[in-house]
Amino acid sequence: MFGSERLRGQLLKINGTGGGKSGGYTTTVLQEGIWKLLLGCTVDADRFPDTVFVVGELHNGSHVLASVPIHTPSDWEIVAFTAHCGNGIRIHEVTGVLYTSTEGTFMPGSGAVYEIDPSVRPWGGQATALADHLAPADGLWIDQARALLYVGLLPSGKVWTYNLRSKEVVGTFSGLKHFGCELLLCAMDDFT
């Protein structure tokens, strides 16, 4: 499996070893020194074998979704540029389209959800904003069986929902009960 280390900007490869002191896993750093922030990764083993898609901010300030070959990670490529740093990435398994959310500037109305089709070449263009003017969007998840995209709206504790088949917004729903949140920010942050 693969993981992204947020602040060190590392793409990690994690292998099962069958036990021992390491808890049964060894971790290898596939890529580092490129990312200021690395905020998610996913794979599409059928369409893009031996490739990890990652989302984050490069040291030069560019916000990108990139493709990293696992055997030659130095040969990474920018798939698409996003207006703000992506936070979380998911793939719709039926279509192979990638989705990433962004908190934007953390101000109301600056959040967005981007849609990127990696089968369309050449890579390196601007990502399509599926939705913008959202509350800061932090993390997303796809119900593959029902083709529903769920996006967490960080400060409101709400969930924006989109139907990937009909291409229609289903609605924005309460994701958290705010009992006892008067003194603490209760925020919807990421999904698994």
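Just above sits the structure.
Computed from a predicted model, the values in this text were never measured in an experiment. (Residues numbered from 1 in each chain as written. Predicted model: local features only at pLDDT ≥ 70, side-chain atom pairs only at ≥ 80, totals over all residues. Heavy atoms only, no water.)

A.B. asks: Please set out the pairing of strand β15 (residues 158-163) residue by residue, giving values where relevant.
C.D. replies: Within β15, 5 of the 6 residues are buried, which leaves it mostly tucked inside the rest of the structure. Taking the residues between adjacent antiparallel strands as the criterion, strand β14 (residues 148-153) and β15 are bridged by 4 residues, where G157 takes a positive phi near 75°. With 6 bridges connecting them, β15 and strand β16 (residues 168-174) associate as antiparallel partners. Paired with N163 across the bridge in β16 is E168. What sits between the antiparallel neighbours β15 and β16 is a turn of 4 residues, in which K167 has the positive phi angle 60°. (Buried < 20%, exposed > 50% of the residue type's maximum accessible area, 1.4 Å probe, protein only. Helix = DSSP H or I, 4+ residues; strand = E, 2+ residues; numbered from the N terminus. Pairing = 2+ DSSP bridges.)

A.B. asks: Give me the lowdown on the sheet that holds strand β8 (residues 86-91), citing residues and values where you can.
C.D. replies: One open sheet holds the 4 strands; their spatial order is β8-β9-β10-β12, and the pairing between them is antiparallel. Of all strands in the sheet, those with a lone pairing partner are β8 and β12 (128-134), marking the two edges. Recorded for the sheet is a direction-independent mean angle of 15° between the axes of neighbouring strands. Looking at chain direction, strand β10 (residues 111-116) and β12 are connected through 4 bridges and run antiparallel. Paired with E115 across the bridge in β12 is T128. (Axes fitted to C-alpha atoms, helices over the stretch in contact; angles between N-to-C directions.)

In short, shape yes, function no, at least from these values alone.
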